[in-house]
Amino acid sequence: MSITPRARPNVEKMSGYTPGEQPRPGERVVKLNTNENPFPPSPRVVEAIRSIDPERLRRYPNPSAEEFRQTAARVHGVSPDMIVAGNGSDEILAMAVRTYLGPGDVFAYPDPTYSLYPVLAEMGEVRVVTVPWDAGWDLPVDALLGTGARAIFFANPNAPTGTLVPTARVRALAARFSGLLLVDEAYVDFADENSLPLLHEFPNLIVSRTLSKGYALAGLRFGYAIAAPAVVSEMNKVKDSYNCDAIATRAATAALQDQDYARRSWEHVRAERGRLSEALQRRGWQVIPSQANFVLATCPGGNAAAIYRALKGKGILVRFFDKPGLTDKLRITIGTAEENDQLLAALSAP
Ligand SMILES: Cc1ncc(COP(=O)(O)O)c(C=O)c1O
């Protein structure tokens, strides 16, 4: 007799993470919906992938992505034992939850934010307590502390708002919190400040980074965490043995080594972010000041779903969230100057 096995009750109840839509291969769209970098990765990345020795594929990769950790340590001015690499920063977030949160533990974060956090909590039967952002998208320090959480996460810059909590405010929370504090810096390359200076003050801090945005490698799947060696050592125990493959490790290392190339794309995105924000405002949109590679904007008239569908009909993808507080807004990734112009033209056309 064959019967479908029952999943764990918490898994049966889950709906899982909903990724942004991806066009079919060959489909031509202006893709401003998943916060990818509008430029290709560094030519050094392409060269590193092309020149990979097949012998490196016959063997298992280095289990801790050693060459990447050495490079990341140099770039950030920390020691290699403060770095752990992951298959995208999503895996880093999952590893942090697995390491620090068990069934029933309180996991707190300000909301709205990255929609993966509740999914990770459901998987681990962790109890989520969300707290609204303070006015002006400020970090709700007291409310977060009041949850009695074992771990607090927040994205900085935040998604989907693009807003940045200044380092001084992050410090104000870290100084009063003794659980695990994870600052998800997926978009930090486009921002004015970051939390790395706090690592030397707070042994309970994890800073999570990705190569998906700032280094144009979302398809490669590579992220990393920077934290005190004792934290990294605990996270190493729960990671898959060979979580980063040999090709990805080589390519990610080459990307980090080419800081000049990456920086040029960050500068372009920042300039275009300003230009697009102003152009949207002139068309009657309210744009939340962003420090990320996207903007969250309230559309004139408030019917964001209709504008989302109309843009899609013209081959332009942006992100619409059918969630309370967000239904009058669209999240728009900063594209190339041409892509941003195409978006603006489409919004102006009847
Ligand atoms: C806030 C935030 N953190 C992490 C990620 C995941 O990035 P990665 O591609 O490194 O898994 C995303 C992706 O969109 C994000 O928005």
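Here is what the cut-offs are and how they apply
Residues numbered from 1 in each chain as written. Predicted model: local features only at pLDDT ≥ 70, side-chain atom pairs only at ≥ 80, totals over all residues. Helix = DSSP H or I, 4+ residues; strand = E, 2+ residues; numbered from the N terminus. Buried ≥ 20, exposed ≤ 12 C-beta atoms within 10 Å, placed from the backbone. Expected span 1.5 Å × (residues − 1). Contact = placed C-beta atoms within 7 Å.

Asker: It is not clear to me how unusual backbone geometry should be interpreted in this structure. Could you clarify?
Answerer: Peptide bonds are trans in most cases, and residues, glycine excluded, mostly fall at negative phi. Here the bond from D111 into P112 is cis, since omega is 5°, no more than 30 degrees from zero. Along the chain, P112 falls in the loop between β3 (106-111) and α6 (116-123). Omega for the bond connecting N156 with P157 falls within 30 degrees of zero, at -5°, which places this linkage in the cis form. With respect to the element layout, P157 can be found in the loop between β5 (151-155) and α8 (167-174). Positive phi, normally seen in glycine, also occurs at E125, with a value near 55°. By the secondary structure assignment, E125 is in the loop between α6 and β4 (127-132). With a phi close to 60°, A216 is a non-glycine residue in the positive phi region. Here A216 shows up in the loop between β7 (205-210) and β8 (223-227). Looking at A216, the number of C-beta atoms within 10 Å reads 21, which means it is buried.

Asker: What is the right way to read helix α11 (residues 259-282) from this model?
Answerer: When the terminal C-alpha atoms of α11 are compared, their 35 Å separation across 24 residues agrees well with the 34 Å that a helix rising 1.5 Å per residue should span. By the burial criterion, the buried members of α11 are A262, S265, V269, R273, L276, S277 and L280. The inward-facing, buried residues of α11 contact β9 (286-287), β10 (294-298) and α13 (337-348).

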